[in-house]
Amino acid sequence: MASYFCPCPRGMEAALAEELGEIALLSTTMKVHNQVPGGVHCSGELLDSYRINLHSRIASRVLMRMAVTGYQNENDIYDLVLAQQWEDWFTYDHTIRVDVTAVKSPLKSLEFTTLKIKDAICDRFRDQFDKRPSVNTKEPDMRIVGFLDARQFIIYLDTSGEALFKRGWREETGDAPLRENLAAGLLRVSGWKPGMPLFDPMCGSGTILCEAAQMVQGIPPGARRRFAFEAFNDFDPAPWNEMKNSIKANPLPESPTIFGSDISGDMVAMTRHNLKCAGIMFDVPLKQIEAQEVKAPTEQPGILLTNPPYGERIGVRGDSTLPEDELATSFYSALSTTLKQRFAGWTVFLFTADLGLPKLLRLKESRKTPFFNGALECRLFRFDMVAGFNRREAAKPKEV
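Residues numbered from 1 in each chain as written. Predicted model: local features only at pLDDT ≥ 70, side-chain atom pairs only at ≥ 80, totals over all residues. Heavy atoms only, no water.

Enquirer: Would you mind going over the packing of aromatic side chains with me for this structure?
Expert: For any pair of aromatic rings, geometry is given as the distance between the ring centres together with the angle between the planes. Considering all chains together, one arrives at 18 aromatic pairs under this definition. Ring centres of Tyr92 and Phe129 lie 5.7 Å apart, and the angle between their planes is 55°; on these two criteria the pair is classed as tilted. Linking Tyr92 in the loop between helix 3 (74-82) and strand 5 (96-102) with Phe129 in helix 4 (residues 110-129), this pair joins segments that are 37 residues apart in sequence. Taken together through their ring pairs, the aromatic side chains of Tyr50, Phe227, Phe229, Phe235 and Trp240 make up a single cluster. The ring of Tyr78 is capped by Lys116, whose NZ or CZ atom sits 5.1 Å from the centre of that ring. (Phe/Tyr/Trp six-rings, centres within 6.5 Å; stacked < 30°, edge-to-face > 60°. Helix = DSSP H or I, 4+ residues; strand = E, 2+ residues; numbered from the N terminus. Lys NZ or Arg CZ within 6 Å of the ring centre and 35° of its normal.)

Enquirer: Even after reading the chapter, I still don't get the confidence of the model for the chain, so can you show me in this structure?
Expert: Detailed reading of the predicted coordinates is not advisable wherever pLDDT is low. With 92% of its residues at a pLDDT of at least 70, the chain reaches an overall mean of 92. Note on residues 311-320: pLDDT is under 50 here. Beyond four places in sequence and across chains, it has 17 contacts. A low-confidence stretch, residues 390-400 stays under pLDDT 50, and its non-local contacts, those more than four residues away or across chains, total 5 contacts. (pLDDT = per-residue confidence, 0-100. Contact = heavy atoms within 4.5 Å.)

Enquirer: When you look at the side chain of Lys116 in this model, what are you seeing that I'm missing?
Expert: Along the chain, Lys116 falls in helix 4. Look at Lys116: it is buried, it has no salt bridge, and the nearest opposite charge is Asp119 at 5.9 Å. Polar contacts involving the side chain of Lys116 include one to the side chain of Asn75, which spans 3.4 Å. If near-sequence neighbours (up to four positions away) are discounted, Lys116 is found in contact with Glu74, Asn75 and Tyr78. (Buried < 20%, exposed > 50% of the residue type's maximum accessible area, 1.4 Å probe, protein only. Lys, Arg positive; Asp, Glu negative; His and termini not counted. Salt bridge = Lys/Arg side-chain N within 4 Å of Asp/Glu carboxyl O. Polar contact = N/O pair within 3.5 Å; in protein donor to acceptor, adjacent residues only side chain to side chain.)

Enquirer: Quick question: what am I supposed to make of the sheet that holds strand 6 (residues 142-148) here?
Expert: Two pairing modes exist for strands in a sheet, parallel and antiparallel, and in both the strands are linked by backbone hydrogen bonds. Across the sheet, which stays open at both edges, the 7 strands sit in the order 2-3-1-4-7-6-5 with mixed pairing between neighbours. Edge positions in the sheet fall to strand 2 (31-36) and strand 5, since each of these pairs with one other strand and no more. Each strand axis lies, on average, 30° off the axis of its neighbour in the sheet, ignoring direction. Pairing of strand 1 (residues 2-7) with strand 4 (residues 63-70) involves 2 bridges; the strand directions are antiparallel. From the neighbouring strand, Phe5 faces strand 4, where its bridge partner is Leu63. (Pairing = 2+ DSSP bridges. Axes fitted to C-alpha atoms, helices over the stretch in contact; angles between N-to-C directions.)

Enquirer: Explain the pattern of salt bridges to me, please; I cannot follow it from the model alone.
Expert: Once the charged atoms of two side chains with opposite charge are near each other, the side chains can pair. Within this structure, the stated rule accounts for 17 salt bridges. Two residues, Glu87 and Arg124, come together in a salt bridge whose shortest N-O distance is 2.7 Å. With Glu87 in the loop between helix 3 and strand 5 and Arg124 in helix 4, the pair connects residues that are 37 residues apart, well separated along the chain. Of the two residues examined, Glu87 and Arg124, each falls in the buried class. The closest approach of N and O atoms between Lys166 and Glu162, which form a salt bridge, is 3.3 Å. Taken together, the shared-partner salt bridges in this structure form one network comprising Glu18, Glu22 and Arg188.

Enquirer: In this structure, what is going on with the nonpolar core? I would like to understand it.
Expert: Nonpolar side chains tend toward joint burial in soluble globular proteins. In terms of nonpolar packing, the biggest core is built from 84 residues, with Trp86, Ile117, Ile121, Ile144, Ile155 and Ile258 touching the most fellow members. Ignoring sequence-local partners within four residues, the contact set of Ile121 consists of Val81, Trp86, Phe90, Ile96, Val98, Pro133 and Ile144. Core analysis: the second largest hydrophobic core is formed by 21 residues, Phe199, Ala291, Leu304 and Val348 among them. (Core = buried A, V, L, I, M, F, W, Y, C linked by side-chain atoms within 4.5 Å.)

Enquirer: When you look at the sheet that holds strand 9 (residues 258-262) in this model, what are you seeing that I'm missing?
Expert: Taken together, the 7 strands give an open sheet; going across it, the order is 10-9-8-11-12-14-13, and neighbouring strands pair in mixed fashion. Two strands close off the open sheet at either side, each with one partner strand: strand 10 (286-288) and strand 13 (367-373). The average angle at which neighbouring strand axes cross in this sheet is 20°, direction not considered. Taken strand by strand, helix 5 (residues 180-190) contacts strand 8 (198-200), strand 11 (303-306), strand 12 (347-352), strand 13 and strand 14 (376-384), and its axis lies near 165° from that of strand 13. Helix 6 (residues 207-217) contacts strand 8, strand 9, strand 10 and strand 11 of the sheet and is inclined by roughly 165° relative to strand 9.

Right under this line is the structure:
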């Protein structure tokens, strides 16, 4: 049994733990352990790492723990890494990359620590084979990850390769694309499930829509890409192929439940292209229309989830002579009116780095959840658009 750490976007730890619990139901050996800031610990056989890579929409990577130790200085780290049997996993013909993260580590230089780890791996191969792996920081065959806290050092071998948010289908993105695993996490946190109406009125390149549509169709996020574990020395493709071949696609929906729109025709075309690349075989209606002008796409209330533009993106087709604050105020004032008048009964989720967004909308959020989009602190604001909301607003006495 191996120990694994699955990092994820900050704030998504509980959602990832829930998802990993569902993946563990497919296995007799996988166990989910504790959540920590930035990820979730779990354990299982090597095949369980294949399973997580294939099915997890929220994890950023699946890191296999090689060893852990207390440390005083960089030499302790070098000794531990040198003692690991790296040759069991890959050869000197593979290229490597080493990354180190730290929380409250007393060591002065992470760059020097990274160099010591790389030296230890290369020295291990040189001692045994008189050859060493080369470093490739752009597209390495193997990624080695070190983590330091105040007292402990952990060394991991990455089973994923490229980050898991790279699903293998995206060819085109907008100016500020949402990462796929963050979009999937937002869908889970919103409570959306396949079959429920979903609408993204500022869809950009369609990340939220593609993630949702793949869930509806039953396409695992890792079905269209390769992983680092496929280059491990003793990799057996048979159980991996069996795992992929056992996936049963869901029946295609008879009528649309996922809808999108954007102010930009180019973005709508890009979303349509990305849906096709993601293997979506059912209709996802898309419109080119300003967000302030949209109407609810179904009579049945559902979930509106979007990552609204801010700053210059608001003015893509706005009046560039207006100052940015005026643009934002005008945009959100009109959007607020649309939500109140046309989306009664819907639950609206807006994911944004603009923490003053409820004030701009003149709406009181029912919940706000902090997340990080990379290093950028964001909030997922929830607004419950109660039926009859607008009638109550209209019935208020006007100020004289």
